[in-house]
Amino acid sequence: EGNHQYGLRGEKNASWKGGRIKSHYGYWLVQCIGHPFAQHGHQDYVLEHRLVAEKYLLTEENSVIIDGKRYLSPEFIVHHKNGIRTDNRPENLEVMKKSKHSALHSKEYNKMRERDRLGRFIPDSDRAINEITGR
């Protein structure tokens, strides 16, 4: 509390870096003070792709109204069609339920995993052993 910067937020703080940071997972976060769904670890920051979806992709089904303003419902995920987490163009984004998003990515994951001659998945630890032994 004794810091001269205490309580100064955004541009008023000397440590201000522009209000846009990259998360640990590679997504852009934008400072949006007062947004009801701001990130827990990054106070007042919202995923940029969610803000883009709120501006261009909201429907009655995927939105919720809070204090007279429409937001993307927390039940929905914004999926990057091309897989690039920083490509937040509206045409690259798709809003879908969390369950559909999980199913989509598990299907992609299973396609990438190796299978043995009987069609069984090869666990990652076994893959290294097979490469060494030539099996």
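Our subject in this report is the structure included herewith. Here the structure is a predicted model, which is why all the values come from computation and not from measurement.

1. A word on the sheet that holds strand β1 (residues 20-22)
Step number 1: Read across the sheet, three strands follow the order β1-β2-β3 without closing on themselves; strand pairing throughout is antiparallel. One side of each edge strand has no neighbouring strand; the edge strands of this open sheet are β1 and β3 (45-47). Between one strand and the next, the sheet's axes are offset by a mean angle of 35 degrees, whatever the strand orientation.
Step number 2: Taken together, the three bridges between strand β2 (residues 28-31) and β3 define a ladder with antiparallel strand orientation.

2. Overview of the side chain of arginine 50
Step number 1: Looking at the secondary structure, you find arginine 50 in helix α1 (residues 48-56).
Step number 2: Buried within the structure, arginine 50 lacks any salt-bridge partner; glutamate 54 is the closest side chain of opposite charge, at an N-O distance of 5.3 Å.
Step number 3: Engagement of the side chain of arginine 50 in a polar contact is seen with the backbone oxygen of serine 73, the distance being 3.2 Å.
Step number 4: Among all residues touching arginine 50, those that are not within four sequence positions of it are Leu72, Ser73, Pro74, Phe76, Ile77 and Val78.

3. Things to note about the pattern of salt bridges
Step number 1: Counted by the stated rule, this structure contains five salt bridges.
Step number 2: Across the pair arginine 89 and aspartate 87 runs a salt bridge, and its minimum N-O distance is 2.8 Å.
Step number 3: Take aspartate 87: its relative accessible area is 14%, and that puts it in the buried class.
Step number 4: For arginine 89, the salt bridge is made with glutamate 91, and the minimal N-O distance between the two is 3.1 Å.
Step number 5: Looking at glutamate 91, the relative accessible area reads 52%, which means it is exposed.
Step number 6: Several salt bridges converge on common partners, so that one network encompasses Asp87, Arg89 and Glu91.

4. Comments concerning the pairing of strand β5 (residues 69-72)
Step number 1: Looking at chain direction, strand β4 (residues 63-66) and β5 are connected through four bridges and run antiparallel. Counted as the bridge partner of isoleucine 66 is lysine 69 from β5.
Step number 2: Hairpin connection of β4 to β5: two residues between the antiparallel strands, including aspartate 67 at a positive phi of 50 degrees.

5. A short note on unusual backbone geometry
Step number 1: A positive phi angle, close to 50 degrees, is found at aspartate 67, a residue other than glycine.
Step number 2: Judged by relative accessible area, which is 81%, aspartate 67 ranks as exposed.

6. Overview of the packing of aromatic side chains
Step number 1: A complete count under the given rule lists one aromatic pair for this structure.
Step number 2: Taking the centre distance of 6.3 Å and the plane angle of 85 degrees together, the rings of phenylalanine 37 and tyrosine 71 count as edge-to-face. Highlighted residues: phenylalanine 37 in the loop between β2 and β3 and tyrosine 71 in strand β5, separated in sequence by 34 residues.
Step number 3: A relative accessible area of 9% places tyrosine 71 in the buried class.
Step number 4: Stacked on the ring of tryptophan 28, the Lys or Arg arginine 20 has its end atom at 3.9 Å from the ring centre.

Reading the values: rules and limits
- Residues numbered from 1 in each chain as written.
- Predicted model: local features only at pLDDT ≥ 70, side-chain atom pairs only at ≥ 80, totals over all residues.
- Heavy atoms only, no water.
- Pairing = 2+ DSSP bridges.
- Helix = DSSP H or I, 4+ residues; strand = E, 2+ residues; numbered from the N terminus.
- Axes fitted to C-alpha atoms, helices over the stretch in contact; angles between N-to-C directions.
- Buried < 20%, exposed > 50% of the residue type's maximum accessible area, 1.4 Å probe, protein only.
- Lys, Arg positive; Asp, Glu negative; His and termini not counted.
- Salt bridge = Lys/Arg side-chain N within 4 Å of Asp/Glu carboxyl O.
- Polar contact = N/O pair within 3.5 Å; in protein donor to acceptor, adjacent residues only side chain to side chain.
- Contact = heavy atoms within 4.5 Å.
- Phe/Tyr/Trp six-rings, centres within 6.5 Å; stacked < 30°, edge-to-face > 60°.
- Lys NZ or Arg CZ within 6 Å of the ring centre and 35° of its normal.

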